[in-house]
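Results of the structural survey
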Amino acid sequence: MKFGIFYELQLPRPWGPDSEYNLYQDALSQLELADALGYDYAWEVEHHFLEEYSHSSAPEVFLAAASQRTKRIRLGHGIFQLTTNHPAKVAEKVAALDLISNGRVEFGMGESASVTELTPFKVAFEDKRAIWEDAVRCLIPMFGEGGTEYHGPHFDFPLRNVLPKPRQKPHPPLWTACSQLQTIAYAGEKGIGALGFQFVSADAAHAWVHAYYNAMTKRLAKLADYPVNPNIALVSMFMCARTDEEARQKADGATFFQFCLRYYNSADRARPGPGEVDMWVEYGKWKAANADQAERALSGGLIGSPETIRRKLRKFEASQIDQVILLNQAGRNTHQDICDSLELFAEEVMPEFHANIPAHETWKADVLAGRTVLEEIETAAFQDRYGAKALTV
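Everything numeric in this text was worked out from a predicted model, so none of it was measured.

Here the focus is helix α9 (residues 252-264). Between its first and last C-alpha atoms α9 spans 19 Å; for 13 residues at 1.5 Å apiece the expected length is 18 Å, and the two agree. Of all 13 residues in α9, eleven are buried; the element is thus mostly enclosed. Three or more residues of α9 are buried, namely Gly253, Ala254, Thr255, Phe256, Phe257, Gln258, Phe259, Cys260, Leu261, Tyr263 and Tyr264.

Next up, the structure:
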């Protein structure tokens, strides 16, 4: 397996005059360290208006800065919102980042999962999938040489040459956010890499890997003319320390991340005005009232000693996951603890799984060529987006 690191740029209250400055500078330093340690990917989200949960509204700026402080780590949009950005502007920004990073961009595309974000851009929640698909059809030809035009239900674009063009040809690898597990099979059908932003068990991962590759090999229906990107990456909460107890003490931010995710993605909750809700205070109240649930949630991630994490990763490796994305920057997890965690994992855990990448790539090639046929596994038992150990709000 390969390994990525994942950034929402979380910032619990209270906020001081330098809070966001320090948040950004620390995150860039962590990416620089991860690059030196041999991590494979750095993923940065795009979110708007989600106080405390994510202060990452301009990922193209953050990743551009990271490109100048790193040498080899892949720089992933995880994801660029195609519902709140015009396709031409997205194509321009992705291509520019690919040029200044010397062809290291991974292009993740998504819809946004929150009315808090969509409503200010006058996007109806029920229309977001249709808008996303139309944006993909409009956008992908813009990476090619010469001019392009598009006339679809949501985007009408006259003949123009969208510049610059990306360094990778025909363009950076395509991914899509899979905030709902069913979208993993959809990503396979569309021939796009699957970014699974949830906390799933190894059994669920096994089932959805089969669903993904069977959709890709048997029911492929691409949205546009692009190379297939057969890859599945799953996000996991993460903190590596010398002992399980130490890791759990340092990983309080993991449950804050889950708390905010459930809060903002609840369809029936009234949306608070700016500053009306202190998420860190609300999280503290929830944690005090749900101590057992908070403790159980921590047990569901890659949080523990190197040996504990190694044992859990072997189960995911057996499921043929391509990449595990490590969620380390969350809540009030400290910069020093994040750096120490990255270093310990890279030293004692990562080499074993990097060594097995060639065998996994051989397995994948056999599946895509039809030499290995995967069982059609019923996924009905694995529909829970958050997993059995995830907290409820």
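Relative to the helices and strands, Tyr7 is located in strand β1 (residues 2-7). Under the relative-accessibility criterion, Tyr7 is labelled buried at 3%. Non-local contacts of Tyr7, meaning those with residues more than four positions away in its chain, are made with Ala27, Gln30, Leu31, Trp43, Glu44, Val45 and Gln329. A distance of 2.7 Å separates polar atoms of two side chains, one belonging to Tyr7 and the other to Gln30.

A separate point is helix α5 (residues 128-139). Over its twelve residues, α5 extends 16 Å from the first C-alpha to the last, a length consistent with the 16 Å expected when each residue adds 1.5 Å. Counting buried residues along α5, nine of its twelve residues qualify, which places the element largely inside the surrounding structure. Buried within α5 are the following residues: Lys128, Ile131, Trp132, Glu133, Asp134, Ala135, Val136, Cys138 and Leu139.

This next bit is on the packing of aromatic side chains. If you walk through the whole model with that rule in mind, you get 23 aromatic pairs. Taken together, a centroid distance of 5.0 Å and an interplanar angle of 90 degrees make the contact between Tyr212 and Tyr213 edge-to-face. The burial state of Tyr212 is the same as that of Tyr213; both residues are buried. Between Tyr283 and Trp286 the ring centres are 6.4 Å apart and the planes differ by 15 degrees, which places this aromatic pair in the stacked class.

Tracing the chain through its elements places Val94 in helix α3 (residues 87-100). By relative accessible area, which is 0% here, Val94 ends up buried. C-alpha of Val94 to C-alpha of Asp26: the two residues are 68 residues apart in sequence and 24 Å apart in space. Contacts of Val94, omitting those with residues within four sequence positions, involve His77, Phe80, Val105, Phe107, Phe143 and Pro172.

A few words on the pattern of salt bridges. For the coordinates displayed, the defined rule picks out 25 salt bridges. For Glu106, the salt bridge identified is with Arg74, shortest N-O distance 2.7 Å. Of this pair, Glu106 sits in strand β4 (residues 105-110) while Arg74 sits in strand β3 (residues 74-81), placing them 32 residues apart in sequence. A salt bridge links Glu295 to Arg248; the nearest nitrogen and oxygen atoms lie 2.4 Å apart. In this pair, Glu295 is assigned in helix α11 (residues 291-299) and Arg248 in helix α8 (residues 244-250), connecting sequence segments 47 residues apart. Glu295 gets classed as partly exposed once you look at its relative accessible area, which sits at 41%. The exposure class assigned to Arg248 is partly exposed, which follows from its relative accessible area of 25%.

To continue, consider the nonpolar core. In terms of nonpolar packing, the biggest core is built from 85 residues, with Phe3, Tyr39, Phe107, Ile232, Leu313, Ile321 and Phe345 touching the most fellow members. Of all the elements, helix α7 (residues 202-218) adds the most residues to this core, at eight residues. Discounting residues that sit within four places of it in the chain, Leu313 has contacts with Met1, Phe3, Leu302, Val324, Phe345, Val349 and Phe353.

About the criteria used
Residues numbered from 1 in each chain as written. Predicted model: local features only at pLDDT ≥ 70, side-chain atom pairs only at ≥ 80, totals over all residues. Heavy atoms only, no water. Helix = DSSP H or I, 4+ residues; strand = E, 2+ residues; numbered from the N terminus. Expected span 1.5 Å × (residues − 1). Buried < 20%, exposed > 50% of the residue type's maximum accessible area, 1.4 Å probe, protein only. Contact = heavy atoms within 4.5 Å. Polar contact = N/O pair within 3.5 Å; in protein donor to acceptor, adjacent residues only side chain to side chain. Phe/Tyr/Trp six-rings, centres within 6.5 Å; stacked < 30°, edge-to-face > 60°. Salt bridge = Lys/Arg side-chain N within 4 Å of Asp/Glu carboxyl O. Core = buried A, V, L, I, M, F, W, Y, C linked by side-chain atoms within 4.5 Å.

Take it as geometry only, folks, not as evidence of what the structure does.
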